[in-house]
Amino acid sequence: MMSGKGTGSYTIESLDHRPLTARLDRVRLTGPLRVTPPPYRQSTGWRASGLGSCLRQVGYRLLDLPATHDTYVPSWTLSADIGTTIHTRIQEQLVGSGLAVLVGGVPAIEVPLPAGAPVTGHVDAVIRTNAGALAILDVKTGSPREFVPGYRYLGDKQQKWATQVHAYMAAFYLPDGEYAREAYILHISRGDTADRHLFRIVWQPEAWARDVARLAAAQEAVAAGDLPAPEPGACRFCAFRQHCPANDYPDQLEVQS
Ligand code: SF4
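Residues numbered from 1 in each chain as written. Predicted model: local features only at pLDDT ≥ 70, side-chain atom pairs only at ≥ 80, totals over all residues.

### A closer look at the nonpolar core
Side chains of a nonpolar character, in soluble globular proteins, are inclined to be buried together. To keep things clear, this is the line we draw: Put simply, a nonpolar core is a cluster of buried Ala, Val, Leu, Ile, Met, Phe, Trp, Tyr and Cys residues tied together by C-beta atoms within 7 Å. Once C-beta atoms are placed from the backbone, each residue is buried if 20 or more other C-beta atoms lie within 10 Å of its own, exposed if 12 or fewer, and partly exposed for counts between those two. Helix and strand definitions here come from DSSP, where helices need a minimum of 4 consecutive H or I residues and strands a minimum of 2 consecutive E residues; each element is numbered from the N-terminal end. We call two residues in contact if the C-beta atoms placed from their backbones are at most 7 Å apart.
Judged by nonpolar contacts, the single largest core of 49 residues is most densely connected at Ile136, Val165, Tyr168 and Ala183. Those elements giving two or more residues to this core turn out to be helix 3 (55–62), helix 4 (74–97), strand 7 (125–128), strand 8 (134–142), helix 5 (154–171), strand 9 (182–189), strand 10 (196–202) and helix 6 (205–223). Beyond its immediate sequence surroundings of up to four residues, Ile136 is in contact with Val123, Val126, Val165, Tyr168, Met169, Phe172, Ala180 and Ala183.

As structure tokens, this is what we get:
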């Protein structure tokens, strides 16, 4: 087991995925793929899945400012469809294996925050670990390059996921008041679903408090009709980078005159 910090402030453990995935069948991409819009069009409001990204991006969406990639991109849609299919297969297998204690019944959550607009999210599964702990399980799909040893952006992704699962851990509890205080990220390749990572993230209240403060400042800015402060670092993936003066990625989509 490895342990360490990525580029952000959460501590993340890398585990052997086999004790978990041995209880699941190999994920098969069979059956019809669902048609969904590109991910950036799915996001409305303040979503737990977006909290670990630059919150200025969320501001661009909420203020309805134009995106750079405001066109239909088939490859993005296919990628989202494959991801959705893998999620569905995993959830079916979690239920079939008896590993998940709650799937589908209480997936939609609203994150309790001191003030501001609600943050909503959707939990993939809640499980009991062998040690008896209540835990969030979130499935992430990624391109095959994310599974090449030393992939340079994996640490950034882990930090983003850590923020998301902290929102879930802050929000989710059983009727008797038991909270999930650990989360697992099952990261699966969309290219070969046998390629997997498993990460464990325990509840880290100080780091989460910093994210809550970021969010409060961003929500205050949007409520005033302003864009939140830029948080460059992943501008290469940002649909608004051609409009943002803080863009740190030299754009390759220049208009030819
Ligand atoms: S270009 Fe960079 S700083 Fe600007 S909104 Fe996008 S991610 Fe944030």
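### Concerning the environment of Arg190
Relative to the helices and strands, Arg190 is located in the loop between strand 9 and strand 10. Here the alpha-carbon distance between Arg190 and Ile82, two residues 108 residues apart in the chain, equals 6.8 Å.

### Re the site of the ligand
Quick note on the threshold: Residue proximity rests on one test: whether the C-beta atom, placed from the backbone, lies within 6 Å of the molecule or strand. Residues were grouped as follows: Ala, Val, Leu, Ile, Met, Phe, Trp, Tyr, Cys and Pro as nonpolar; Asp, Glu, Lys and Arg as charged; and all remaining residues, including Gly, as polar.
Cys54, Pro230, Cys235, Cys238 and Cys244 are the nearest of the 14 residues found near the ligand. Within the shell around the ligand, the residues separate by chemical class into nine nonpolar, two polar and three charged.

### Re the confidence of the model for the protein chain
Applicable threshold: A residue's pLDDT is simply how confident the predictor is in it, with values from 0 to 100.
Chain-level statistics for the protein chain give a pLDDT mean of 79 and a share of 74% at 70 or above. Looking across the protein chain, the model is least confident in strand 1 (residues 2–5), with a mean pLDDT of 40, and most confident in strand 2 (residues 11–15), with 95. Across residues 253–257, where pLDDT falls below 50, the model places zero contacts with residues more than four positions away in sequence or in other chains.

### A word on helix 3
Counting buried positions along helix 3 yields six of eight residues, so the element is predominantly enclosed. For helix 3, every residue scored as buried is listed here: Leu55, Arg56, Gln57, Val58, Gly59 and Tyr60. In this structure, the buried side of helix 3 is in contact with strand 3 (46–47) and helix 6. Just beyond helix 3, the residue with positive phi is Asp64, at close to 60°.

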